[in-house]
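Geometric and topological summary
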Amino acid sequence: MKRVFSGVQPTGNIHIGNYLGALKQFVELQDDHQCIYCIVDMHAITVPQDPKALKEHILDVAALYLAVGIDPEKSIVFVQSDVPGHAELSWVLTCSSYTGELSRMTQFKDKSKNKESAPTGLFTYPVLMAADILLYDTDVVPVGNDQKQHIELCRDLATRVNGKYPGTFVVPDGRFLKEGARIMALDDPSKKMSKSAENIHSRISLLDEPSKIKKSIMKATTDSDGVIRLDTENKPGISNLLNIYSVLSETPVADLEKKYEGKGYGDFKKDLVEVTVDALTPIRERFEEIRHSEELMTILRDGAEKADEIARKTMKRVKENFGLGL
């Protein structure tokens, strides 16, 4: 089976954009791939973090992995910093990368905009991301479309190293989301749904109570047209809600357009509230069941051991090829 690797940062509550765009895909892949899913805590410290809060968020994401359906019997689930190979390989790849290509990374340019100086970790974290992937001889990386540039860098680094030291890395392919799964902010559909947005009603988090879900959806931006149809350019608000409804209910958008022909936004939103609550309630219940359990800690410890075993083999090959160690 082909090997899959991906990870999520432990920064705040995961929202439905993360779920529909990434986690749902993680679950689907584990039936016919060897899957490795990581909580990438080392990426989180590219910006200041409260240590206690970070530890809690790590466990939150781990519990949500399991709550959405990732099966530790089928997939390896672990915390990035528990496997030393991530940092070790990151340095090797840093020595094979160039400041020019890193300075062109869109996310770095966005996050460092109007700043005289930026943290070095923010500049080099795409190299760490490449190390995360290459450490496990990954074939497929399921990521959002906004990560295409990072996957391209990872492939470039792997190819560059292989050109000098043949057979060092497997060159991975990205598995990118369909456009329909790109979930936008409820209050401003021109922007991606974000964990860090000030307005809590701009997003629906996986652990939101039904009352919060209802309020956020009923307040969601639409338009004055009153027609329920997919038109991302002219009707971004209702198009975003249609995409959410379609993916959560596994109903084609065209069928939803027919269902709500002649009906108003109020009826549509009320039904979307019901669909969303029905989809998220089992996730929230499973999360609450496992979050503070010894089962969760055991899964993460076992996952780290399995991941480290694979990582050590890769680093042995890398060191031999680079002439490192004795």
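Procedures and definitions
- Residues numbered from 1 in each chain as written.
- Predicted model: local features only at pLDDT ≥ 70, side-chain atom pairs only at ≥ 80, totals over all residues.
- Heavy atoms only, no water.
- Salt bridge = Lys/Arg side-chain N within 4 Å of Asp/Glu carboxyl O.
- Buried < 20%, exposed > 50% of the residue type's maximum accessible area, 1.4 Å probe, protein only.
- Helix = DSSP H or I, 4+ residues; strand = E, 2+ residues; numbered from the N terminus.
- Polar contact = N/O pair within 3.5 Å; in protein donor to acceptor, adjacent residues only side chain to side chain.
- Contact = heavy atoms within 4.5 Å.
- Phe/Tyr/Trp six-rings, centres within 6.5 Å; stacked < 30°, edge-to-face > 60°.
- Axes fitted to C-alpha atoms, helices over the stretch in contact; angles between N-to-C directions.
- Parallel < 35°, antiparallel > 145°, perpendicular 65-115°, else oblique.
- Left-handed = near helix turned anticlockwise from the far one by under 90°.
- Nonpolar A, V, L, I, M, F, W, Y, C, P; charged D, E, K, R; others polar.

**Remarks on the pattern of salt bridges**
Tallying each qualifying case throughout the model produces 21 salt bridges. Here lysine 212 makes a salt bridge to aspartate 208, at a shortest N to O gap of 3.0 Å. Aspartate 208 carries the same exposure label as lysine 212, and that label is buried. Of the charged contacts, one joins glutamate 295 and arginine 286 as a salt bridge, the two residues approaching to 3.7 Å between their closest N and O atoms. Glutamate 295 sits in the partly exposed class, given a relative accessible area of 42%. By relative accessible area, which is 25% here, arginine 286 ends up partly exposed. One continuous salt-bridge network, built from bridges that share partners, spans Asp223, Asp225, Arg229, Asp231 and Lys235.

**Points about the side chain of glutamine 30**
Its location among the elements puts glutamine 30 in the loop between α1 (16-29) and β2 (34-39). In this structure the side chain of glutamine 30 is engaged in a polar contact, spanning 2.8 Å, whose partner is the backbone oxygen of glycine 69. When sequence neighbours within four positions are dropped, the list of residues in contact with glutamine 30 reads Cys35, Gly69, Ile70, Asp71, Lys74 and Ser75.

**Side note on the packing of aromatic side chains**
Summed over the entire model, instances satisfying the criterion amount to nine aromatic pairs. Arranged with centres 5.9 Å apart and planes meeting at 65 degrees, the rings of tyrosine 245 and tyrosine 260 form a pair that is edge-to-face. Residue tyrosine 245 is located in helix α10 (residues 236-249), and its partner tyrosine 260 is located in the loop between α11 (253-259) and α12 (265-290); the two are separated by 15 residues in the primary sequence. For tyrosine 260, a relative accessible area of 1% translates into the label buried. Taken together, the ring pairs connect Phe5, Phe78 and Tyr136 into an aromatic cluster.

**Let's talk about the packing of α1 against α10**
Across the interface, α1 lies against α10 with an axial gap of 11 Å and an inter-helix angle of 45 degrees. When the axis of α1 is compared with that of α10, the two are oblique. Between α1 and α10 lies a crossing whose hand is left-handed. Contacts from Ile16, Tyr19, Leu20 and Lys24 in α1 reach Ile244, Val247 and Leu248 in α10. Here the residues of the contact of α1 with α10 sort into six nonpolar, no polar and one charged.

Read these as geometric descriptors, not functional statements.
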